[in-house]
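Summary of the model geometry
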Amino acid sequence: MKNLAVTSIMALLVMLMCGCGNDGEFNDSMTLYDLVTFEGNTPKAAVFSMQKDGDSPMIELTVAGRNLDTTQVKRGQRLLMSYIPESGEPYTSGTVTLRSLSLINYDSIQIAATDRWDANSVYMTAMWRTGIYLNLECRLDYTTEQGRRFMLVADPSTVNDPVPQLYVVHDLGQLPENFTRRTYASWNMAEVWNRPGCQGVKVHIRDSNRG
């Protein structure tokens, strides 16, 4: 199994992979919160896929009686979903009752220079992997202006190493610091993760939550 290691700017943290949902006893009144991938519409439903954590089985979630506007949400887009499985069984394929669906920051990993990757800190709440996706829950300085860089970058000199070095880049440039807001991000890192020699990745992040 490949490994994910997370390095803050001050310390090495090996993070336990965990899903966004609830563990333990489950009943119909409990709502799960997970990052999902929009797989498209059928005539009578919207279909999503997800993995609970790491390399756990792929799950298909179906929202009956609803289609997404594909001019706003494209196939492959990652979203934050709150829902209740109609079967009463968490993390199994089937029909769900949708509570809410939110857009998140979603992109693919970039293989590029890592200059100024640590220009501005990220208040990291959680980082976890689901299949080819690296997911992040954090707080970021809020701004309505253009110019921020917030992305996942692979150091080009390490992409063919057994453990490539990845960097969460947060650079406000000349934008003023402001109040923070909760943010979810999900990056498709298949271009690095699926390379034959890859045994895992190490992620560097300037994490203000852990000093």
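Up top is the structure these notes are about.
Conventions adopted
- Residues numbered from 1 in each chain as written.
- Predicted model: local features only at pLDDT ≥ 70, side-chain atom pairs only at ≥ 80, totals over all residues.
- Heavy atoms only, no water.
- Helix = DSSP H or I, 4+ residues; strand = E, 2+ residues; numbered from the N terminus.
- Contact = heavy atoms within 4.5 Å.
- Areas by Shrake-Rupley, 256 points an atom, 1.4 Å probe, with all protein chains shown as cover.
- Core = buried A, V, L, I, M, F, W, Y, C linked by side-chain atoms within 4.5 Å.
- Buried < 20%, exposed > 50% of the residue type's maximum accessible area, 1.4 Å probe, protein only.
- Pairing = 2+ DSSP bridges.
- Axes fitted to C-alpha atoms, helices over the stretch in contact; angles between N-to-C directions.
- Phe/Tyr/Trp six-rings, centres within 6.5 Å; stacked < 30°, edge-to-face > 60°.
- Lys NZ or Arg CZ within 6 Å of the ring centre and 35° of its normal.

1. Structural notes on the overall build of the protein chain
Within the protein chain, the regular secondary structure consists of 1 helix and 15 strands. Long-range contacts, defined as pairs at least 24 residues apart, comprise 68% of the intrachain contacts of the protein chain with a sequence gap of at least 6. As displayed, the protein chain offers around 10800 Å² of accessible surface, 47% of which is attributable to carbon and sulfur atoms.

2. Some remarks on the nonpolar core
Grouped together as the largest cluster of nonpolar side chains are 24 residues, with contacts concentrated most on Leu136, Leu166, Val168 and Val201. Elements represented by at least two residues in this core include exactly strand 10 (123-130), strand 11 (133-141), strand 12 (149-154), strand 13 (165-171), strand 14 (180-188), helix 1 (190-193) and strand 15 (200-205). Contacts of leucine 166, omitting those with residues within four sequence positions, involve Ile109, Leu152, Val153, Ala154, Met189, Val192, Val201, Lys202, Val203 and His204. Met50, Ile59, Val63 and Leu79 belong to the second-largest nonpolar core, a separate cluster that totals 17 residues.

3. Structural notes on the sheet that holds strand 6 (residues 78-85)
Read once around its circumference, the closed barrel built from 5 strands follows the order 3-4-5-7-6, with strand pairing classed as mixed. The sheet shows a mean angle of 55° between the axes of neighbouring strands, direction not considered. When strand 4 (residues 45-50) meets strand 5 (residues 59-64), the two strands line up antiparallel, connected through 6 bridges. Paired with valine 47 across the two strands is threonine 62, which belongs to strand 5.

4. Points about the packing of aromatic side chains
Taken as a whole, this structure holds 4 aromatic pairs when the rule is applied. Between phenylalanine 38 and phenylalanine 48, the aromatic rings sit 5.6 Å apart at their centres with planes inclined by 50°, giving tilted as the arrangement. In this pair, phenylalanine 38 sits in strand 3 (residues 32-42) while phenylalanine 48 sits in strand 4, placing the two residues 10 residues apart along the sequence. Assigned by exposure class, phenylalanine 38 and phenylalanine 48 land together as buried. Note that arginine 78 overlies the ring of tyrosine 133, its terminal NZ or CZ placed 3.9 Å from the centroid.

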